[in-house]
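Each chain, written out:
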Amino acid sequence: MAPNRPSTVRMLLRDPIGVVGAAFVAIICAAALFAPWIAPHDPNRIHGRARLQGPNAMFPLGTDELGRDLFSRALYGAQVSLQVSLTVVAVAAIIGIAIGVVSGYFRGWVDAVAMRIMDVLFAFPTILLALAIVATLGTSIENLILALVIVYVPTFARIARGATLSVAEEPYVEAARSVGVGQFGILLRHILPNISAPVAVQVSISLAYAILVEASLSYLGLGVQPPDASWGSMLATGKLMVERSIWPSLVPGLFIVFTALGFNLLGDALRDTLDPRMRSALR
Amino acid sequence: MLRLIMFRSLATLPVLAGVSLLTFLLVRLVPGDVVDALSAEEFDDPRAEAELRRLFGLDLPLHTQFLSWFGGLLVGDLGFSYRSRRPVLEEILDRFPLTLELTLAALLVSVAIAIPLGMLSAMRRNGAFDAGARVGSLLGLSIPNFWLGILLIGFFSVYLRWLPSGGSNAFALSWDHFQYLILPALTLGTSLAAETMRMSRATLLEVLAKDYVRTARAKGLSERLVVGRHALRNALIPVVTVIGIQAGALLGGTVVVEQVFSWAGLGSLVVRAITQRDYPLLQGLILFLTFFYIIVGLVVDVLYIVLDPRLRRRG
């Protein structure tokens, strides 16, 4: 696996879509990381005389209904959104891959039980399940993350299991087994690296979707609580002000689209690069 | 074919049972119990709390609770709403038509946008149009639908004053009814179109590479006939599947958009159940929407078996 990794990155960078996606993701991550230095104002500071302004010299993207700087709030909102989505996808991917690889490699009753549980979780419409979990456990960032993890695990489990099933039949796995490599060694050294392509694509797409779902739940008041900024909760108050100013709605939405688009572009380019079958069929 | 359909239908039973069990357990995850959650904000009287627990059957062992709840489920009894005191099923069926209408309208919008664009994209593969459509569809996948809804309200309701910013009324074949439908249907439809377009492009490309398409071309048929008569029909089968799955998912996914447009369907009922801590109503809604989602999936699969002669012969 190691020798073809550099070429994957290089191929990704040859695709303009991959380059743009990577750039978007880098920009938004930097914006979130350096928010305290970039933000012109304290995100929760109320400027009572500057309510619902359009962009001007003092407030680059205008202000909300309390006179808080929209640009600064959106920057800090990026911290929340990225933290939640990255945590969710990382945890869900690890749990899902573990379940999927073990199911796909050992088969038998472990596989049967695990996959039936995944089927049931899969049967719920995504947002509805996440909503229901947060609503019952209580509103907090931790519960929001937990809910999204539960929603995402089945996707990763299925993808990892499918890839494992086909990799486990490969001659090199057979060869490793015949020279006496232990089960754990085979899983770690031979199966895991070879299922990384479909998983990587799924990670990227899931990040984009997690940003949207987090925003939806925060919009409904089930995520970050005021006065702290998140893109979804900013949109919720923005909607109430839409008669008077479009900026409180426009700004957080543009940040969401920018971020999700970055991950989607990256995922699309990754799929083209990593999946030769798709490439020959569709390009 | 019948055996295949039977087999597929029976396979959904354990999933339905699992979904019921999980939905039942979900509400038991409320910290403390439902009565604690209710009483914390409304009253503080241990005698009344004990009375309520007895009334809701919360003093019984968990498996007894589940069995009586599940028994009710089998005869369509989803319990009573804590707030309106009406049967949950009645509340749901009252609002279901509006959500169904919005879903169908959204699918119509989505198909009208997605299939022509997907076709053009596949026919001019790797051209400027295709590249534009690829970026456009990724952009579509990245736009939160409720944000698009807010922008549409800003433009069509606040700026142009053409359409109402929200609300809904009972179905009627009149402008008075449809003026409310347009914006939410556009919002949901365009967000679905991205996925449908990618799917129709991919399947059409696959079909265009088939031998019978080459034969049709070799006979000298025009490109329009080749695509229209031979390729499109075969390409549409998987697209129909995607649309079916979307229809099911939409019923659950309209929650936020219905909220944005104050559309009085099941989505806004979900939000009401959550904010009012109306757990029987929430439970009933989750079950209803999820069952619907599963059944739509089943119907789509059966359609697939019926439409695809290769599957028909097997089984």
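Residues numbered from 1 in each chain as written. Chains lettered and ligands numbered in written order. Predicted model: local features only at pLDDT ≥ 70, side-chain atom pairs only at ≥ 80, totals over all residues.

With that settled, consider the overall build of chain B. Within chain B, the secondary structure is distributed over 14 helices and zero strands. Start at the N end of chain B and walk to the C end: the helices and strands fall as α-α-α-α-α-α-α-α-α-α-α-α-α-α. A buried classification covers 36% of the 315 residues belonging to chain B. Partitioning the intrachain contacts of chain B with sequence separation of at least 6 by distance along the chain shows that 73% fall at a separation of at least 24. (Helix = DSSP H or I, 4+ residues; strand = E, 2+ residues; numbered from the N terminus. Buried ≥ 20, exposed ≤ 12 C-beta atoms within 10 Å, placed from the backbone. Contact = placed C-beta atoms within 7 Å.)

In terms of helices and strands, chain A carries 13 helices and zero strands. Reading the helices (α) and strands (β) of chain A from amino to carboxyl end gives α-α-α-α-α-α-α-α-α-α-α-α-α. In terms of overall dimensions, chain A has C-alpha extents of about 75 × 45 × 30 Å along its principal axes. A fraction of 69% describes how many contacts in chain A between residues 6 or more apart in sequence connect residues 24 or more apart.

The subject of this paragraph is the interface of chain A and chain B. Counting residues at the interface gives 37 residues for chain A, matched by 42 residues for chain B. Of all the secondary-structure elements, those providing two or more residues to the side of chain A that touches chain B are α5 (108-123), α6 (126-137), α10 (196-219), α11 (231-240), α12 (247-274) and α13 (276-282) of chain A. For the side of chain A that touches chain B, the leading source of residues is α12(A), giving nine residues. Here the side of chain A that touches chain B is composed, by residue class, of 25 nonpolar, seven polar and five charged. (Nonpolar A, V, L, I, M, F, W, Y, C, P; charged D, E, K, R; others polar.)

Next up on the list: the environment of B:Ala194. All names here are of chain B. You can see Ala 194 is positioned in helix α8 (residues 175-208). In this structure Ala 194 comes out as buried when scored by C-beta crowding, with 23 C-beta atoms within 10 Å. Taking C-alpha positions, Ala 194 is 22 Å from Gly 267, a pair spaced 73 residues apart along the chain. Among residues more than four places away in sequence, those in contact with Ala 194 are Ser 137, Gly 140 and Leu 141.

Okay, unusual backbone geometry next. Residue and element names in this part refer to chain B. Of note, the phi angle at Arg 85 is positive, near 65°, even though the residue is not glycine. For Arg 85, the position within the fold is in the loop between α4 (62-74) and α5 (88-123). A positive phi is found at Ser 262, a non-glycine position, where the angle reads about 45°. Relative to the elements of secondary structure, Ser 262 occurs in the loop between α11 (255-260) and α12 (266-275).

Once that is clear, we can look at helix α1 (residues 2-27) of chain B. In a regular helix each residue adds 1.5 Å, so 26 residues correspond to 38 Å; α1(B) covers 39 Å between its end C-alpha atoms and thus fits that length. On the buried face of α1(B), the contacting elements are α5 and α6 of chain A together with α4 and α13 (279-307) of chain B. (Expected span 1.5 Å × (residues − 1).)

In this section: the confidence of the model for chain A. Here chain A averages 84 in pLDDT, while 94% of its residues score no lower than 70. When pLDDT is averaged over each element of chain A, helix α4 (residues 70-106) of chain A comes out on top at 92 and α13(A) at the bottom at 46. (pLDDT = per-residue confidence, 0-100.)

We now examine the environment of B:Arg217. Considering the arrangement of structural elements, one finds B:Arg217 in helix α9 (residues 211-218). Put simply, B:Arg217 and B:Val227 are ten residues apart on the chain and 9.8 Å apart in space, counted from C-alpha to C-alpha.

Residue and element names in this part refer to chain A. Helix length check: α6, at twelve residues, gives a terminal C-alpha distance of 17 Å against a target of 16 Å (1.5 Å per residue), a fit within 8%. Most of α6 is tucked away: ten of the twelve residues are buried. Where α6 is concerned, the buried positions are Ile 127, Leu 128, Leu 129, Ala 130, Leu 131, Ala 132, Ile 133, Val 134, Ala 135 and Thr 136. At the exit of α6 stands Gly 138, carrying a positive phi of roughly 110°.

Okay, the confidence of the model for chain B next. Residues shown with low pLDDT carry predicted positions that ought not to be read at fine detail. With 94% of its residues at a pLDDT of 70 or more, chain B shows a mean pLDDT of 82. Predicted complex metrics record ipTM = 0.84 and pTM = 0.86.

Moving on to the environment of A:Gly54. Residues and elements named next belong to chain A. Topologically, Gly 54 is positioned in the loop between α3 (35-38) and α4. Judged by C-beta crowding, with 11 C-beta atoms within 10 Å, Gly 54 ranks as exposed. Linking Gly 54 and Asp 64, residues ten residues apart in sequence, is a C-alpha distance of 9.3 Å. Beyond its immediate sequence surroundings of up to four residues, Gly 54 is in contact with Gly 62 and Trp 247.

Residue and element names in this part refer to chain A. Interaxial distance between helix α7 (residues 141-167) and α10 falls to 11 Å at its minimum, and their mutual angle equals 160°. Classed by the angle they form, the pair α7 and α10 counts as roughly antiparallel. Seen along the crossing, α7 lies across α10 with a hand that is right-handed. On α10, the residues touching Leu 144, Leu 148, Tyr 152, Thr 155, Phe 156, Ile 159, Ala 160 and Ala 163 of α7 are Pro 198, Val 199, Gln 202, Ser 206, Ala 210, Val 213 and Leu 217. Tallied by class, the residues present in the contact of α7 with α10 amount to twelve nonpolar, three polar and no charged. (Axes fitted to C-alpha atoms, helices over the stretch in contact; angles between N-to-C directions. Parallel < 35°, antiparallel > 145°, perpendicular 65-115°, else oblique. Left-handed = near helix turned anticlockwise from the far one by under 90°.)

It is worth spelling out the packing of α5(B) against α13(B) at this point. A pair of packed helices can be characterised by two numbers: the angle between their axes and the separation between those axes. Residue and element names in this part refer to chain B. Where α5 contacts α13, the two axes come as close as 9 Å, and the packing angle between them is 55°. Relative to α13, the element α5 lies oblique. Once α5 is placed against α13, the crossing between them reads as right-handed. Only Pro 280, Leu 281, Gly 284, Leu 285 and Phe 288 of α13 make contact with α5, whose side of the interface consists of Val 88, Leu 89, Glu 91 and Ile 92. Residues that form the contact of α5 with α13 fall into these classes: seven nonpolar, one polar and one charged.

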